[in-house]
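Geometric and topological summary
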Amino acid sequence: MSKKSALMVYQNLSNVKEDNQYWDKYIKFHELYWDGPNASQNVFYGNEYEEYRNSLSKYLEIEPDNIKDCLFTKHENGDYYLTPLGIDSDKYIMESENSIPAHWFLLFDNSEKKFFYSHAGEGAIAPDGIYYNTECSLSKKRLNDAKNILEANDKEEIPNDFDLFKKELTFGLSELYYWIEKFADDSMIVLNYAEISSVIHEFTLKNENSVSDIWLILDLISKKDYEKADSSLKIYKQKWDEIASNCSASSPQKKQSTKNDDVVQ
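Being a predicted model, the structure only gives us computed values, none of them experimental.

Burial analysis of strand S1 (residues 4-12) places eight of its nine residues in the buried class, which makes it a mostly covered element. Of the strand pairs in this sheet, S1 and strand S4 (residues 93-97) are connected by five bridges, and their pairing is antiparallel. Bridge pairing links Lys4 to Glu97 in S4. For S1 and strand S3 (residues 80-84), the ladder comprises two bridges, and the chain directions are antiparallel. Residue pairing in the sheet places Gln11 in a bridge with Leu82 of S3.

Given below as structure tokens:
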């Protein structure tokens, strides 16, 4: 069974014109009911979800089947950011199976890495998932920086395997920029390793730094140090080949019900 990761855009509620009042009421009720935001990691037990939906239906004065959902978070500046779920969620969410595309990492800086934590017993907690969070304006600049580095070295003679990677990366960057350019600069971009995290050993999870790996390769390209760049690329590929293999080999596990099983948790 495949493992998924997700790249998501959260828009400032003030910039969401369609159903703005609906989302405002949805968010207010959810925070009152659960005393917190609607995160992709939320889990329900027993009939909690059904009871919540019935209460939400009454509050919104619509049938449960007509409820539209979103993931949302509250920024430190007090603004709410959301990404709609459902039929049009592909406008705001990209998913990848058994791996994470290299060009996704170029949206971020390694300092923006964060962890989901779970209880490890006796009051201890341990990281069990990775995510990155940044502003859309920074991501757009980084994509342009990466694109300029690759284009500046187009005519250089480099190993064939490395040349193929450059072409794939360039194509991925153009697609990614086309996707995010329509969002306001103050939107939030989130990369969630999600299910991919489960196949990375707990002892090495904190050392999973593919964002810095890819930026290092680009830095070596800009310095025309193709020998080291090619060596770093081989190490990077070996790591993700192993992760992909572990994803394919892992057996499905039972889980508690979540409110958005069609979205990466």
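A few words now on the packing of helix H4 (residues 136-152) against helix H6 (residues 210-222). Where H4 contacts H6, the two axes come as close as 9 Å, and the packing angle between them is 40 degrees. Taken together, the axis directions place H4 and H6 in an arrangement best described as oblique. Handedness of the H4/H6 crossing: left-handed. For the pair H4 and H6, the contacting residues are Arg142, Ala146, Ile149 and Leu150 in the first and Trp215, Leu218, Ile221 and Ser222 in the second.

Locating Ser57 in the fold gives a position in helix H2 (residues 48-60). Judged by relative accessible area, which is 10%, Ser57 ranks as buried. Considering only alpha carbons, one finds Ser57 and Tyr26, 31 residues apart in sequence, at a separation of 9.9 Å. Not counting the four nearest positions on each side in its chain, Ser57 is found in contact with Ile62, Glu63, Pro64 and Ile67.

Conventions we followed
Counting of residues starts from 1 at the beginning of each chain's written sequence and follows it residue by residue. Only residues with pLDDT of at least 70 get local features here, since the model is predicted, and only at 80 or more are side-chain atom pairs given and counted; chain-wide, interface and lining totals rely on the full set of residues. Excluding hydrogens and water, the side-chain figures rest on all heavy atoms present in the structure. Only protein chains enter the accessibility calculation, which uses a 1.4 Å probe; a residue is then buried when its area is under 20% of its type maximum, exposed when over 50%, and partly exposed in between. Helix numbers and strand numbers start at the N terminus; a helix is a DSSP run of H or I with at least 4 residues, a strand a run of E with at least 2. Any two strands are treated as partners once DSSP identifies two or more bridges connecting them. Lines fitted to the C-alpha atoms define the axes, with helices restricted to the stretch that makes contact. Angles between their N-to-C directions range from 0 to 180 degrees. Working definition: roughly parallel below 35 degrees, roughly antiparallel above 145 degrees, roughly perpendicular at 65 to 115 degrees, and oblique for all remaining angles. Note on convention: near helix rotated counterclockwise from far helix by under a right angle means a left-handed crossing. Clockwise means right-handed. Here a residue-residue contact requires only that any non-hydrogen atoms of the pair lie within 4.5 Å.

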